[in-house]
Amino acid sequence: MLAGDFTGIKLYKLPAQDKRIKKDGTTREPKKVGKIHYPVFTPEGTRVVGFMLRLPDIAGMVKQPDRFIAYDAIGVSGDFMVAKDDRTAFDAPAAKRLGIDLDACLIWTGMDVRTTSGKPVGYCADVDFNGRTGEVLSFILTEGGASNALVGHREMPPRMLKGYRDGAMVVSEEALDLAFSGGAAAKAAEVSVHAAAKASEVGAKAKVQVKKGAAILDDKGSKALDKGSKALGKQLGKTKGMFGSFVSEYKKAAGTSSSAKKKAPSTKKK
């Protein structure tokens, strides 16, 4: 699952077990703790160990410093994303339990990416990781803006990550050879190949459709596509339906869904 799917989701704390039901018999709502922010990685970048949590402003004016929450301390209760155990879920107690040094951990997402020889690759936009273990499966590298909408992104395996230098993620030269996936250009190429295969059937009509499809690849079209996709993403992020879908996927990835149970054998940013 993608770390970016967590960004902006509200995290809650459940009331104590004996206080979850009010005197009138109704259920007491969980208390909001904050919003999930940046993913936090082990220094070598092989595992997501948690997230930074943005706390609400005091009295709506005074900002509070972010807190760290361990990934394995995040769970789902009904329609809420919750902290499982407040005592060892946050900050130093969580780091001690996980056996990590928070001062040595890094936030790789958002960093510029360069090869060991200094060649620019783009920036790290997201990370795909194992929902159960936190193991990094791939880093999502993009060139940003309309370029990303046009050509897509690169999925870099963690073995290509070589370290951190001067505010950037340093990767092996191999990263430049990674193929782009997604993006309007890749999709348009697929359409063109399909159209060619069917050319004998659709003749001149297919050519007209391909030309119309290619129109989105000009400069204005790619910018509009990028702007439109971001607007759509923001709008979807406001819907409860999207969150419900996310919760379902989260449960599957973390192995907490009913189907998964049946199959079972029984920080800083630089």
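Residues numbered from 1 in each chain as written. Predicted model: local features only at pLDDT ≥ 70, side-chain atom pairs only at ≥ 80, totals over all residues. Heavy atoms only, no water.

## Here's the deal with the overall build of the protein
Next up, step 1: Each helix and strand counted, the protein has nine helices and twelve strands in total.
Next up, step 2: When burial is assessed residue by residue, the protein has 34% of its 270 residues classed as buried. (Helix = DSSP H or I, 4+ residues; strand = E, 2+ residues; numbered from the N terminus. Buried < 20%, exposed > 50% of the residue type's maximum accessible area, 1.4 Å probe, protein only.)

## Concerning the pairing of strand β5 (residues 74-77)
Next up, step 1: Taken together, the four bridges between β5 and strand β6 (residues 80-83) define a ladder with antiparallel strand orientation. By the bridge assignment, I74 is partnered in β6 with A83.
Next up, step 2: Count of turn residues in the β5/β6 antiparallel hairpin: two residues, of which G78 carries a positive phi of about 60°. (Pairing = 2+ DSSP bridges.)

## Things to note about the sheet that holds strand β3 (residues 48-54)
Next up, step 1: Spatially, six strands are ordered β4-β3-β2-β1-β6-β5 in an open sheet, and the strand pairing comes out mixed. Each end of this open sheet is capped by a strand with a single partner; those strands are β4 (67-70) and β5. The mean angle between the axes of side-by-side strands here comes to 50°, regardless of whether they run parallel or antiparallel.
Next up, step 2: Sheet topology note: the strand β1 (residues 10-13)/strand β2 (residues 31-41) ladder contains four bridges and is antiparallel. (Axes fitted to C-alpha atoms, helices over the stretch in contact; angles between N-to-C directions.)

## Remarks on the pattern of salt bridges
Next up, step 1: Under the defined criterion, the tally for this structure stands at four salt bridges.
Next up, step 2: R67 is the salt-bridge partner of D91, the closest N and O atoms lying 2.9 Å from each other. In this pair, D91 sits in helix α2 (residues 91-98) while R67 sits in strand β4, placing the two residues 24 residues apart along the sequence.
Next up, step 3: Take R67: its relative accessible area is 28%, and that puts it in the partly exposed class.
Next up, step 4: Linking D72 and R97 is a salt bridge whose minimum nitrogen-to-oxygen distance equals 2.9 Å. Linking D72 in the loop between β4 and β5 with R97 in helix α2, this pair joins segments that are 25 residues apart in sequence.
Next up, step 5: Using a relative accessible area of 39% as the deciding quantity, one classes R97 as partly exposed. (Salt bridge = Lys/Arg side-chain N within 4 Å of Asp/Glu carboxyl O.)

## Here we look at the pairing of β2
Next up, step 1: Of the strand pairs in this sheet, β2 and β3 are connected by five bridges, and their pairing is antiparallel. Looking at β3, one finds that P39 is bridged to F51.
Next up, step 2: Connecting β2 to the next strand, β3, in antiparallel fashion are six residues, including G45 with a positive phi near 75°.

## Here's the deal with the sheet that holds strand β10 (residues 154-156)
Next up, step 1: Taken in spatial order, the six strands of this open sheet run β10-β9-β8-β7-β12-β11, and their pairing is mixed. The two strands at the open ends of the sheet, each matched to only one other strand, are β10 and β11 (161-165). Direction aside, the axes of adjacent strands within the sheet are offset by 40° on average.
Next up, step 2: Across six bridges, strand β8 (residues 120-129) lies against strand β9 (residues 136-142) in antiparallel orientation. Among the inter-strand pairings, D128 is bridged to a residue of β9, identified as S138.

## A word on the environment of A168
Next up, step 1: As for its position among the elements, A168 is in strand β12 (residues 168-171).
Next up, step 2: With a relative accessible area of 1%, A168 lands in the buried category.
Next up, step 3: Remark: the alpha-carbon pair of A168 and M111, spanning 57 residues in sequence, is separated by 5.5 Å.
Next up, step 4: Apart from residues lying up to four places away in sequence, A168 is in contact with M111, D112, R114 and G163. (Contact = heavy atoms within 4.5 Å.)

## Brief notes about unusual backbone geometry
Next up, step 1: Positive phi values are uncommon outside glycine, yet D91 reaches one of about 50°.
Next up, step 2: A positive phi angle, near 50°, is found at D166, a position not held by glycine.
Next up, step 3: Mapped onto the elements, D166 comes out in the loop between β11 and β12.
Next up, step 4: Owing to a relative accessible area of 67%, D166 belongs among the exposed residues under this scheme.

## Let's talk about the packing of aromatic side chains
Next up, step 1: In total, this model carries seven aromatic pairs according to the counting rule given.
Next up, step 2: Plain terms: the ring middles of F6 and F129 are 6.2 Å apart, the flat faces sit at 35° to each other, and that makes the pair tilted. Placement of F6 in the segment before β1 and of F129 in strand β8 is noted, with a sequence separation of 123 residues between them. Side by side, F6 and F129 carry an identical accessibility label, which is buried.
Next up, step 3: Put simply, the rings of F6, F51, Y71 and F129 pair up and form one aromatic cluster. (Phe/Tyr/Trp six-rings, centres within 6.5 Å; stacked < 30°, edge-to-face > 60°.)

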